[in-house]
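Coordinate inspection notes
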Amino acid sequence: MPAYFCFKIASAILLLKVCASYLTVGGYGEFAQLVQFGTVLNLLAVGGAQNGLIRQSAAAGDEDQLAGIHGAALIIWIAAALLLLVPLCLASK
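Rules behind the numbers
- All chains use their own residue numbering, which begins from 1 and follows the written sequence.
- Only residues with pLDDT of 70 or above have their local features reported here, since the model is predicted, and side-chain atom pairs are shown and tallied only from 80 upward, although totals for entire chains, interfaces and linings are computed over all residues.
- Side-chain metrics in this entry use all non-hydrogen atoms of the structure; hydrogen atoms and water are not considered.
- By the criteria applied, helices consist of DSSP H or I runs no shorter than four residues and strands consist of E runs no shorter than two, each listed in order from the N terminus.
- To sort residues, take the accessible area from a 1.4 Å probe on protein chains only and compare it with the maximum for the residue type: under 20% means buried, over 50% means exposed, and anything in between is partly exposed.
- Contacts are assigned to residue pairs with any non-hydrogen atoms lying within 4.5 Å of each other.
- For the accessible areas, the method is Shrake-Rupley and the probe is 1.4 Å, while residue cover comes only from the protein chains on display.
- To estimate the expected span of a helix, subtract one from its residue number and multiply by 1.5 Å.
- In this analysis, rings of Phe, Tyr and Trp, with Trp reduced to its six-membered ring, are considered paired at centre separations within 6.5 Å, and the interplanar angle assigns stacked below 30 degrees, edge-to-face beyond 60, and tilted for intermediate values.
- As a per-residue measure, pLDDT reflects the predictor's confidence and takes values from 0 up to 100.
- To count toward a patch, a residue needs a relative accessible area above 30% and no salt bridge. Like charges then connect within 9 Å, nonpolar side chains (Val, Leu, Ile, Met, Phe, Trp, Tyr) within 5 Å.
- Basic side-chain nitrogens of Lys or Arg form a salt bridge, by our definition, when they fall within 4 Å of a carboxyl oxygen of Asp or Glu.
- Within 3.5 Å is the distance limit for a polar contact, defined as a pair of N or O atoms, with the added protein rule that one can donate a hydrogen and the other accept it, and that residues adjacent in sequence qualify only through two side-chain atoms.

1. Let's talk about the overall build of the protein
When you go through the protein residue by residue, the secondary structure sums to three helices and zero strands. Along its sequence from the N terminus, the protein presents helices and strands in the succession α-α-α. Buried residues in the protein amount to 9% of all 93 residues. Of the contacts made within the protein by residues no fewer than 6 positions apart, 50% connect residues no fewer than 24 positions apart. A total of about 7,200 Å² of accessible surface is found on the protein, and carbon and sulfur atoms cover 73% of it.

The following block contains the structure:
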């Protein structure tokens, strides 16, 4: 596991270095904000939201319960995206 995380961090640093070389200052700033937004959503998933949804999906008794769980997951992700994307858009101006 430590090697995986080291590879992941090294890849991210390399990607940002390459982007800094080829993007304008404004373009790099926008790209960096999108990467940070993706990181925050990933932290939400790793922090338990995704794990809980997987467990609830596995425990669903029928298709109606599973559809309800998927609907709740969609609402959670839309709300998280809106809550995080709006401040990022406002801060980028």
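2. A look at helix α3 (residues 63-91)
The first and last C-alpha atoms of α3 sit 42 Å apart over 29 residues, in line with the 42 Å expected at 1.5 Å per residue. Within the sequence span of α3, burial applies to I69, A73 and A80.

3. Thoughts on the packing of aromatic side chains
A complete count under the given rule lists one aromatic pair for this structure. Taking 5.2 Å as the distance between ring centres and 70 degrees as the angle between the ring planes, the aromatic pair formed by Y4 and F5 counts as edge-to-face. Residue Y4 is classed as partly exposed on the basis of its relative accessible area, which comes to 47%. Look at F5 and you get partly exposed, because its relative accessible area is 41%.

4. What about the confidence of the model for the protein?
Considering every residue of the protein, the mean pLDDT works out to 80; 89% of them sit at 70 or more. Of all secondary-structure elements in the protein, the lowest mean pLDDT belongs to helix α2 (residues 25-59), at 76, while helix α1 (residues 2-22) reaches the highest, 85.

5. Considering a nonpolar patch on the surface
Together, L14, V18 and Y22 give the surface a local cluster of nonpolar side chains, amounting to about 370 Å² of exposed area. Structurally, Y22 can be placed in helix α1.

6. Things to note about the environment of D62
For D62, the location among the structural elements is in the loop between α2 and α3. A distance of 3.0 Å separates the side chain of D62 from the backbone nitrogen of Q65, its partner in a polar contact.

7. Some details on the environment of L84
Turning to its location among the elements, L84 is positioned in helix α3. In this structure, the C-alpha to C-alpha distance between L84 and G38, residues 46 residues apart in sequence, is 10.0 Å.

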